[in-house]
Amino acid sequence: MNRSVSIIGSGFSALAAACYLAKDGNKVTIFEKNQTIGGRARQLKKDGFTFDIGPTWYWMPDVFERFFADFNKLPSDYYQLEKLNPAYSVYFGQDDYITIEDTLEKICVAFESEETGSSKKLRKFIANAQHNYNVAIKDLVYRPGISPFELMTPVTIKKINQFFSTIKKDVRKEFKNDRLCKILEFPVLFLGAKPDNTPSFYSFMNYADFGIGTFHPKKGMYEVILAMETLAQSLGVTIKTQNPIDRIVVDKGEAIGIISNGETFISDIILSGADYHHTERLLDQKYRQYSERYWEKKIFAPSSLLFYVGFDKKIKNVNHHTLFFDVDFDTHAKDIYDNPKWPEEPLFYASFPSITDNSTAPEGKEAGIFLIPLAPGLNDTNELREKYFNKIISRFENLTSQDVKQHILFKESFCVNDFVKDYNSYKGNAYGMANTLMQTAFLRPKLKSKKVKNLYFTGQLTVPGPGVPPSLISGKLVAELIKKHHNN
């Protein structure tokens, strides 16, 4: 193709697109507003501790393998993976938890001990989930969301009912034990919507969880970003950090360049991996595809209140990933999606990467990451952050039967205001736009602008949706679309 491409942002989708476009012979330049690349997948280093600021779960390793294979590479050429065992544990009360181990066989044993006969139902449920995984992740998600006919295949027509039922209905129909139901409903939270608003077809997330497992890249998720940076640069991609975009330059309905730090960069193609809503604000009103009302009506994935905590001792009775479902899920979900407000009693998640990876904390100490899902757009103050840290750390101490408050060396927080400031995120959302039935595939914002020639989009607000593996796929899809429209 041999065209110049300016890419806004340097998250997973932008880096993936950059690699594919450079491989096709284009001159690619990435413009990143922050000091370091990675978008939401950045790192915090402090006093010998290392924290992934953004994603901490490595699921669907086959998607990463497929990405690197497109360049005749392997993930292991860049970083080392360890399969976690246990994958995670889920607390329901004081010293009361269920551990999810690293094989379906072991998970079946855990289920059977909770609900007699549930292991047989689980095998059937996961077999169906695996079939959905093969249909979705190996085929459907690699389609560009241009037409509803992309979803219509002989296989999906047979599964049409799964697009009109929900994960929650399917799980609750088969399993009576509420604890097991919550564990089976958990994976779809990565898609940004409630289980009762997520089509049954998305059970493929359960196969990703129980069938494939949870992994950890040594030194953290940021190693994947560094791998993609190395690959991109080997293909000739130029990366400019501390280059926020002031404006997309449009001439007679055609994107011809960008203005960054007051300097104009002319290019043949503009691709934004930044927040879709923000990107359109870099255009004059007449060139915007989607109105403010459009965005207001959409269901967005949650924001998050995150804490990065250095402890002066090792933490007991937890795993690398630990979920705390000791309060009512539905009440918290309503506070996110139905009546947005700060939750009285929030569910939360904790990650202790130093349990697996001693590079993330000094010897004898522990790195802890705590996350509370929140409605996007909430009022965010230091006082509220402190109030909620105290809420969850007190519950954490009680649930895990240990004293940790007195062992905190430091804590840093990240919340709605930071998502807006650092990522120009719409209402401070953390994961993008939820994958509900009416926000799936061709019903999501388009990869190609309908109003501005040579302007494209990628990332979690467009196709295929939120999450790290979908972001890698989104980068590939937009690069293929660009190639299709500019192959002469």
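This report concerns the structure included in the present document. (Residues numbered from 1 in each chain as written. Predicted model: local features only at pLDDT ≥ 70, side-chain atom pairs only at ≥ 80, totals over all residues. Heavy atoms only, no water.)

### A word on the layout of surface pockets
Okay, so step 1: As a volume, the second largest pocket reaches approximately 320 Å³.
Okay, so step 2: Considering the residues around the second largest pocket, the lining is formed by 13 residues, among which Phe125, Asn128, Asp170, Lys173 and Glu174 are closest to the centre.
Okay, so step 3: Of all the secondary structure elements, the ones that give two or more residues to the lining of the second largest pocket are helix H4 (118-136) and helix H6 (167-174).
Okay, so step 4: A per-class count over the lining of the second largest pocket returns 2 nonpolar, 6 polar and 5 charged. (1 Å grid on protein atoms, 1.4 Å probe; cavity = no way out; pocket = protein on both sides within 12 Å on 5 of 7 lines; lining within 4 Å. Points joined across faces, edges and corners; volume = space filled by probe spheres on them. Helix = DSSP H or I, 4+ residues; strand = E, 2+ residues; numbered from the N terminus. Nonpolar A, V, L, I, M, F, W, Y, C, P; charged D, E, K, R; others polar.)

### Quick notes on helix H8 (residues 204-212)
Okay, so step 1: Burial analysis of H8 places 8 of its 9 residues in the buried class, which makes it a mostly covered element.
Okay, so step 2: Among the residues of H8, Phe204, Met205, Asn206, Tyr207, Ala208, Asp209, Phe210 and Ile212 are the ones counted as buried.
Okay, so step 3: Positive backbone phi, approximately 110 degrees, marks Gly213, located one or two places after H8. (Buried < 20%, exposed > 50% of the residue type's maximum accessible area, 1.4 Å probe, protein only.)

### Notes on the packing of aromatic side chains
Okay, so step 1: The final tally for this structure, using the stated rule, is 47 aromatic pairs.
Okay, so step 2: Ring centres of Tyr88 and Phe186 lie 5.4 Å apart, and the angle between their planes is 65 degrees; this geometry places the pair in the edge-to-face category. Taken as a pair, Tyr88 in strand S6 (residues 88-93) and Phe186 in the loop between helix H7 (178-185) and H8 lie far apart in primary sequence, 98 residues in all. Each member of the pair Tyr88 and Phe186 is classed as buried.
Okay, so step 3: Put simply, the rings of Tyr20, Tyr58, Phe64, Phe67, Phe68, Phe71, Tyr78 and Tyr79 pair up and form one aromatic cluster.
Okay, so step 4: Positioned above the aromatic ring of Tyr142 is the side chain of Arg66, whose terminal nitrogen or guanidinium carbon lies 3.6 Å from the ring centre.
Okay, so step 5: In this structure, Lys391 is placed above the aromatic ring of Tyr388, and the distance from its NZ or CZ to the ring centre is 5.5 Å. (Phe/Tyr/Trp six-rings, centres within 6.5 Å; stacked < 30°, edge-to-face > 60°. Lys NZ or Arg CZ within 6 Å of the ring centre and 35° of its normal.)

### Observations regarding the environment of Phe210
Okay, so step 1: Tracing the sequence through the fold places Phe210 in helix H8.
Okay, so step 2: Taking C-alpha positions, Phe210 is 6.8 Å from Thr103, a pair spaced 107 residues apart along the chain.
Okay, so step 3: Those residues in contact with Phe210, other than ones at most four positions away along the chain, are Tyr88, Ile100, Thr103, Leu104, Ile107, Phe111, Leu122, Ile126, Ile183 and Leu184. (Contact = heavy atoms within 4.5 Å.)

### Some remarks on the side chain of Glu32
Okay, so step 1: Locating Glu32 in the fold gives a position in the loop between strand S2 (27-31) and strand S3 (43-46).
Okay, so step 2: Lys33 is the oppositely charged side chain nearest to the buried, salt-bridge-free Glu32, at an N-O distance of 6.4 Å.
Okay, so step 3: Setting aside residues no more than four positions away along its own chain, Glu32 makes contact with Gly9, Ser10, Ile37, Gly39, Lys240, Thr241, Gln242, Asn243 and Pro244. (Lys, Arg positive; Asp, Glu negative; His and termini not counted. Salt bridge = Lys/Arg side-chain N within 4 Å of Asp/Glu carboxyl O.)

### Examining the sheet that holds strand S12 (residues 263-266)
Okay, so step 1: Read across the open sheet, the 3 strands follow the order S10-S11-S12; overall the sheet is antiparallel. Edge positions in the sheet fall to strand S10 (245-251) and S12, since each of these pairs with one other strand and no more. The sheet shows a mean angle of 30 degrees between the axes of neighbouring strands, direction not considered. (Pairing = 2+ DSSP bridges. Axes fitted to C-alpha atoms, helices over the stretch in contact; angles between N-to-C directions.)

### Observations concerning the packing of H6 against H7
Okay, so step 1: At a minimum axis separation of 10 Å, H6 and H7 run at an interaxial angle of 150 degrees. Crossing handedness for the pair H6 and H7: right-handed. Here H6 contributes Lys168, Val171 and Arg172 to the contact with H7, which in turn contributes Asp178, Cys181, Lys182, Leu184 and Glu185. (Left-handed = near helix turned anticlockwise from the far one by under 90°.)

### Describing empty space enclosed by the protein
Okay, so step 1: Overall, the coordinates contain 3 cavities of 30 Å³ or more when judged by the stated rule.
Okay, so step 2: By volume, the largest cavity is sized at about 80 Å³.
Okay, so step 3: Lining the largest cavity are 15 residues; nearest its centre among them are Asp52, Thr56, His216, Gly220 and Pro353.
Okay, so step 4: Mapped by element, the contributors of at least two residues to the lining of the largest cavity are strand S4 (49-52) and strand S8 (215-217).
Okay, so step 5: By residue number, the principal contributor to the lining of the largest cavity is S4, which donates 3 residues.
Okay, so step 6: Of the pockets and cavities examined, the second largest cavity occupies roughly 50 Å³.
Okay, so step 7: Along its surface, the second largest cavity is lined by Tyr20, Val63, Arg66, Phe67, Asp70, Tyr142, Leu472, Ile473 and Lys476.
Okay, so step 8: Residue classes in the lining of the second largest cavity are distributed as 6 nonpolar, no polar and 3 charged.

Worth remembering: the numbers are spatial, not functional.
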